[in-house]
Amino acid sequence: MRVAVIGLGLIGGSAALALAEAGHDVLGFDPDPATRDAAAAHFPVTGDPADLAGTDLAVVAAPFRHLAGVAAETLDGYTGLVTDVSSVKAEPARLFARHRFVGGHPMAGKETAGFAAAEPDLFRGRKWVLCLEADTDLGDWTALASLWTSIGAHVVPATAAAHDRAAARISHLEHLVAAALVRVADEPLARTLAAGSFRDGTRVAASPTALFTGMVEGNRGELIAAADDLATELETARRHLDAYTDWPSSISEWFDEARARRADWPPEPLAAQRIPLAREALAELGAAGGWLEAVESEVALARRPRVKSTS
């Protein structure tokens, strides 16, 4: 495919490098001359939107707050297929409604940013959501699924609404909590004593602020709901801590339940199976937490997570 990658930061740069290594004709686009200079050693680059005409696919990897400008200006009149890599999905679908658009979100990243941090294997073995709505063109969706699985990603079919609810709970909330933990521990002795649990629990607090503000802007409603559920859990823990007459069994049970759920992650995959590239089959796979590992002519190689017995 002739692929234009718009925005050559960590995610866009990594996608461009991976696609170029896979043999695709890649054209990078970025408004920053220094970024273009760095990427030019690996694939052709441009700062002129007119050069994007004639490509088959535009992968929009611009920051969330710039998506409206990309849709209305950079890709004005663009006739190829468009996808994105934003961590929220409902709002990009609205912004790109006039284009042939299929929303996407690779579940990969690092706390470092920019093209210098990009790496072609960033997505290998990682989940990549592709939005499958009732009106999504199945041919366009399948073309993207084939593209991303070809660079090693595991494609998960999901609606934008289902993605945004899940992402709020396994990504966006974690950024909020990491920042809160850093703020709570902001005293000299605590910072000196901090070790593994603090490091692991606060890693994403080092991410660029613009990344998290984009999540908040695009997924505020679902993030509020997730924060409310977290507050309920913390209040439950607080009640257990106050329950001296039932100490420590109540708080132990609370920790045991969490430990058991954490022990079941990541989900163990079942054996691979072939499923038809049909809307109902794909939607059912995604709802069950399954993913595609390869796309063939009329079928896809899929896996589902093993569901452990609760009895």
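Predicted, not measured: the structure shown is a model, and the values here were computed from it.

Regarding the overall build of the chain
- Secondary structure summary: the chain contains 11 helices and 12 strands in total.
- Computed over C-alpha atoms, the radius of gyration of the chain comes to 21 Å, within 12% of the 19 Å expected from 2.2 N^0.38 for 311 residues, which places it in the range of a compact globule.
- In terms of overall dimensions, the chain has a C-alpha envelope of 70 × 50 × 30 Å along the principal axes.
- Split into buried and exposed, the 311 residues of the chain put 41% on the buried side.

Points about the pattern of salt bridges
- Evaluated as defined, the whole model comprises 15 salt bridges.
- The salt bridge involving Asp-140 is made with Arg-100; its shortest N-O contact spans 2.7 Å. Of the two residues, Asp-140 is situated in helix α5 (residues 138-150) and Arg-100 in strand β6 (residues 100-102); the sequence distance between them amounts to 40 residues.
- The class of Arg-100 is partly exposed, set by a relative accessible area of 40%.
- With a closest N to O distance of 3.0 Å, Arg-274 and Glu-296 form a salt bridge.

Observations concerning helix α6 (residues 160-184)
- The terminal C-alpha atoms of α6 lie 34 Å apart, and with 25 residues this matches the ideal 36 Å at 1.5 Å per residue to within 8%.
- Its axis deflected by about 50° at Ala-168, α6 carries its strongest bend there.
- Every buried residue of α6 is listed here: Ala-160, His-163, Asp-164, Ala-167, Ala-168, Ser-171, His-172, Leu-173, His-175 and Ala-178.
- In this structure, the buried side of α6 is in contact with α4 (90-95), β7 (104-106), β8 (127-131), β9 (154-158), α8 (196-202) and α9 (209-242).

Quick look at the sheet that holds strand β4 (residues 57-60)
- Strand order in the open sheet formed by six strands is β3-β2-β1-β4-β5-β6, and the pairing between neighbours is parallel. This sheet does not close on itself; its edge strands, each paired only once, are β3 (45-46) and β6.
- Sheet topology note: the strand β1 (residues 2-6)/β4 ladder contains four bridges and is parallel. Bridged to Ile-6 within β4 is Val-60.
- On the sheet, helix α1 (residues 10-21) packs against β1 and β2 (25-29) and is oriented at approximately 165° with respect to β1.

Let's talk about the packing of α6 against α9
- At a closest axis distance of 8 Å, the pairing of α6 and α9 adopts a crossing angle of 100°. The pairing of α6 with α9 is recorded here as roughly perpendicular in orientation. Where α6 abuts α9, its residues Asp-164, Arg-165, Ala-168, Arg-169, Ser-171, His-172, Leu-173, His-175, Leu-176 and Val-177 lie against Leu-211, Phe-212, Met-215, Asn-219, Glu-222, Leu-223, Ala-225, Ala-226, Ala-227, Asp-229 and Leu-230.
- For the contact of α6 with α9, the class distribution of residues is 12 nonpolar, four polar and five charged.

Thoughts on the nonpolar core
- Core analysis: the largest hydrophobic core is formed by 44 residues, its most contacted members being Phe-123, Leu-130, Trp-141, Trp-148 and Leu-292.
- Counting only elements with at least two residues in this core, the list comes to β1, α1, β4, β8, α5, α11 (279-287), β11 (291-295) and β12 (299-303).
- Once you skip the residues sitting within four places of it in the chain, Leu-292 turns out to touch Trp-141, Ala-145, Thr-149, Ala-153, His-154, Val-155, Ile-275, Leu-282, Leu-285, Ala-300, Leu-301 and Ala-302.
- With 18 residues, the next largest nonpolar core counts Leu-27, Leu-67, Val-70 and Phe-101 among its residues.

Describing the layout of surface pockets
- Of the pockets and cavities examined, the second largest pocket occupies roughly 230 Å³.
- Looking at the second largest pocket, it is lined by 16 residues, and the ones nearest its centre are Phe-101, Val-102, Glu-133, Asp-135 and Thr-136.
- Counting residues per element, the lining of the second largest pocket draws most heavily on β6, which supplies three residues.
- The residue makeup of the lining of the second largest pocket, split by class, is seven nonpolar, three polar and six charged.

Section: the pairing of β11
- By the bridge criterion, four bridges tie β11 to β12 in an arrangement that is antiparallel. What sits directly across from Leu-292, in β12, is Ala-302.

Let's talk about the packing of α9 against helix α10 (residues 249-263)
- Close contact between α9 and α10 brings their axes to 8 Å; oriented N to C, the two are set at 150°. When the axes of α9 and α10 are compared, the pair comes out roughly antiparallel. Of the two possible hands of crossing, α9 and α10 adopt the one that is left-handed. Every residue of α10 that contacts α9 at Glu-233, Thr-236, Ala-237, His-240 and Leu-241 is listed here: Ser-250, Ile-251 and Trp-254.

Describing the side chain of Arg-304
- On the secondary structure map, Arg-304 appears in the segment after β12.
- In this structure the side chain of Arg-304 is engaged in a polar contact, spanning 2.8 Å, whose partner is the side chain of Gln-273.

Things to note about the packing of aromatic side chains
- Tallied over the entire structure, the rule returns five aromatic pairs.
- Ring geometry for Trp-128 versus Trp-148: centroids 4.0 Å apart, planes at 15°, classification stacked. Within this pair, whereas Trp-128 is found in strand β8, its partner Trp-148 is found in helix α5, the two being separated by 20 residues in sequence. Judged on exposure class, the residue Trp-128 and its partner Trp-148 are both buried.

Rules used in this analysis
- The residue count restarts for each chain, going from 1 along the sequence in the order it is written.
- Only residues with pLDDT of at least 70 get local features here, since the model is predicted, and only at 80 or more are side-chain atom pairs given and counted; chain-wide, interface and lining totals rely on the full set of residues.
- For the side-chain quantities, the full set of heavy atoms in the structure was used; hydrogens and water were omitted.
- Working definition: helices are DSSP H or I runs of at least four residues, strands are E runs of at least two. Numbering for both runs from the N terminus.
- Computation of the radius of gyration draws on C-alpha atoms, with the globule rule given as 2.2 Å multiplied by the number of residues to the power 0.38.
- Here's how the labels work: a residue is buried when its accessible area is under 20% of the maximum for its type, exposed when over 50%, partly exposed in between, all with a 1.4 Å probe on protein chains only.
- For this analysis, a salt bridge means a side-chain nitrogen from Lys or Arg found within 4 Å of a carboxyl oxygen belonging to Asp or Glu.
- Here a helix's expected span is defined as the number of its residues, less one, multiplied by 1.5 Å.
- At any given residue, the bend is defined as the angle formed between two axes, one fitted to the seven residues that end at that position and one fitted to the seven that begin there.
- Residues count as neighbours in contact if any of their non-hydrogen atoms are within 4.5 Å of one another.
- By this definition, two strands are paired if DSSP reports at least two bridges between them.
- Simply put, an axis is a line fit to the C-alpha atoms, just over the touching stretch for a helix, and the angle between two N-to-C directions goes from 0 to 180 degrees.
- Angles are sorted into four bins: roughly parallel if under 35 degrees, roughly antiparallel if over 145, roughly perpendicular if 65 to 115, and oblique for all others.
- Ten residues, namely Ala, Val, Leu, Ile, Met, Phe, Trp, Tyr, Cys and Pro, are considered nonpolar, four, namely Asp, Glu, Lys and Arg, are considered charged, and the remaining ones, Gly among them, are considered polar.
- Buried Ala, Val, Leu, Ile, Met, Phe, Trp, Tyr and Cys residues that are joined via side-chain atoms within 4.5 Å together make up what is termed a nonpolar core.
- A 1.4 Å probe that fits into a set of points on a 1 Å grid over the protein atoms alone but cannot get out defines a cavity; an open set with protein on both sides within 12 Å along at least five of seven lines defines a pocket, and lining residues are those with an atom within 4 Å of a point.
- Grid points are joined across faces, edges and corners, and a volume is the space filled by probe spheres set on the points.
- We call a crossing left-handed when the near helix sits turned anticlockwise from the far one by less than a right angle, and right-handed when that turn is clockwise.
- Pairs of N or O atoms within 3.5 Å make up the polar contacts considered here, provided that, within protein, one atom can donate a hydrogen while the other can accept it, and that residues adjacent in sequence are counted only when both atoms are side-chain atoms.
- Pairing of aromatic side chains requires ring centres within 6.5 Å, counting the rings of Phe and Tyr and the six-membered ring of Trp. Pairs whose planes differ by under 30 degrees are stacked, by over 60 edge-to-face, and all others tilted.

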